[in-house]
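An overview of the molecular structure
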Amino acid sequence: MWCSVWGLARAAALTLPRSGPAAGGRLLHAGRPADPPEGEWGRRQVRAAPPWRVLFFGTDAFAQRALQALHKAGSSETGKMLIERLEVVALPATKSGELPVRKYARMSQIAVHDWPHLALCDHFDVGIVVSFGSLLSDSLIQQFPYGILNLHPSLLPRWRGPAPIFHTLIQGDRMTGVTIIQIRPKRFDAGPIVQQQQCAVPPRCMADELGAMLAETGAEMLLSTLKSLPECIKNKREQPKEGMTFAPKITVAMSWVNWEEQTFEELDQLNRAIGFRIPLRTLWMGNTMKLLDLVDVREIPVSLAFTQEQLIPGIVHFHKESNVLLVRCKNGWAGFKLVVLKKVLSAADFYNGYLHPYFQGRSTMNQNVCRFQTHKPETKTRKNVKRNWIVA
């Protein structure tokens, strides 16, 4: 089940109680549903065609686009109603504000239930989960005649986990897609495939751009699935066992550049994946420096002559004509137009303020001054436990 990094963290951490009763009547904890009146579930009539009654679980902007499509799906192209009832399960609002799904539901006057407390769900036909980040219990899933569907932005089983879009770009995948699965309890992204659509990754796209594109595709797929829901469920297929990869959440540790090991292509992929949230960073003279506005040096007419000593990884040169800092990586040069060292500096400002020989006492520059260092995280060593041995 995909979830943005911050939405996943909040979903895992928040267990706030409801501030009021849920729309729809009796309350239960999401993991322990209340027992229905005797014979109630046995008398339920399962609908075989639209309009459906849908309970939507979501958090972020990706999920909001799916909710928006469902909300506007009052009728199909033929005029037949597709969704009769739509309600939302969302994380409670905090002092920092509302997540996109909750805000959209409130502004659209859609009934909202606070997670993890919600009304008995047996009056819905199907649940839909998008970027929710919490495991749903089997007892909750079983309340929906058609189960709970999950919209995931990857070609499952590739990139299971909370950050598939980021890892699609980090690994340089040329193809991605959207998968709708029927979820299973206690496991993320492991259910049978109900529908899947392949998409080409646009050249040099950023993660937010790819996310927006896949959100549109996913919203259309949801509506297509609901139009023929019984048939789609009937034709579901298990995910293949081969080709499974995991997409863990992105962290600051991923943003450190290893000049000796990473190629320009790898740095470009990493920057397009996480740079708009977590900038690439390096060490300079023991200080953390953020690297912004990565440019493809192949597009810059660089005609500088370098000695072998000037080609060591991490060495920095200023290209005055393009106002770009050139940094040597594993297979060539990476270019940056901006850096952050206490404040945002242009390449020219950094060069003039820190690298120009005038600021080094007009002496020969130390190579370390002109070099970015690879960050090496400290390794925790186990303390030796002293033991007193008794020799018999």
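Going by the structure above, here's the rest.
Before going into details, it helps to say that this report is about the structure given with it.

Conventions and cut-offs
Residues numbered from 1 in each chain as written. Predicted model: local features only at pLDDT ≥ 70, side-chain atom pairs only at ≥ 80, totals over all residues. Heavy atoms only, no water. Buried < 20%, exposed > 50% of the residue type's maximum accessible area, 1.4 Å probe, protein only. Helix = DSSP H or I, 4+ residues; strand = E, 2+ residues; numbered from the N terminus. Pairing = 2+ DSSP bridges. Salt bridge = Lys/Arg side-chain N within 4 Å of Asp/Glu carboxyl O. Core = buried A, V, L, I, M, F, W, Y, C linked by side-chain atoms within 4.5 Å. Contact = heavy atoms within 4.5 Å. Expected span 1.5 Å × (residues − 1). Axes fitted to C-alpha atoms, helices over the stretch in contact; angles between N-to-C directions. Parallel < 35°, antiparallel > 145°, perpendicular 65-115°, else oblique. Nonpolar A, V, L, I, M, F, W, Y, C, P; charged D, E, K, R; others polar. Polar contact = N/O pair within 3.5 Å; in protein donor to acceptor, adjacent residues only side chain to side chain.

Regarding the pairing of strand β2 (residues 52-58)
When you tally the buried positions in β2, you get seven out of seven residues, the bulk of the element. The alternating pattern of β2 places Trp52, Val54, Phe56 and Gly58 on one face and Arg53, Leu55 and Phe57 on the opposite face, and all of these are buried. Judged from the six bridges that link them, β2 and strand β3 (residues 83-90) form a sheet pairing that is parallel. Bridge pairing in β3 places Phe56 opposite Val88. In the sheet, β2 pairs with strand β6 (residues 126-130) via five bridges, with the strands oriented parallel. Bridged to Gly58 within β6 is Val130.

Points about the pattern of salt bridges
A full pass over the atoms with the stated rule returns 14 salt bridges. The partner of Arg102 in a salt bridge is Glu98, with the nearest N and O atoms 3.9 Å apart. Across the pair Arg272 and Asp268 runs a salt bridge whose closest N-O atoms are separated by 3.2 Å. Note that Arg272 and Asp268 are positioned in helix α8 (residues 264-274) at a spacing of four residues, about one turn of the helix. Assigned by exposure class, Arg272 and Asp268 land together as buried. Overlapping salt bridges, with partners in common, bring together Glu98, Arg102, Arg106 and Asp114 in one network.

Structural notes on the nonpolar core
With 74 residues, the main nonpolar core has Phe56, Leu226, Trp259, Leu291, Phe350 and Phe372 as its most contacted residues. Tallying contributions element by element places helix α6 (residues 207-227) first for this core, with seven residues. Once you skip the residues sitting within four places of it in the chain, Phe350 turns out to touch Trp284, Met289, Leu325, Val339, Leu341, Leu345, Leu355 and Phe372.

What about α6?
For an α-helix the count is 3.6 residues per turn, leaving residues at separations of three or four pointing the same way. With 21 residues, α6 ought to run about 30 Å at 1.5 Å a step, and its terminal C-alpha atoms sit 30 Å apart, in line with that. Where α6 is concerned, the buried positions are Ala207, Leu210, Gly211, Leu214, Ala215, Thr217, Gly218, Ala219, Met221, Leu222, Thr225 and Leu226.

Remarks on the packing of helix α2 (residues 61-71) against helix α3 (residues 100-107)
The contact between α2 and α3 brings their axes to 8 Å, and the two run at 30°. Relative to α3, the element α2 is oriented roughly parallel. Contact residues: α2 offers Ala61, Ala63, Gln64, Leu67, Gln68 and His71, while α3 offers Pro100, Val101 and Tyr104. Class assignment of the residues belonging to the contact of α2 with α3 gives a composition of six nonpolar, three polar and no charged.

What about the environment of Arg85?
The residue Arg85 is located in strand β3 in this model. Arg85 sits 14 residues away from His71 along the chain, and the two C-alpha atoms are 9.3 Å apart. For Arg85, the residues in contact, after removing those within four places along its chain, are Trp52, Arg53, Val54, His123 and Phe124. A polar side-chain atom of Arg85 sits 2.8 Å from a polar atom in the side chain of Glu87.

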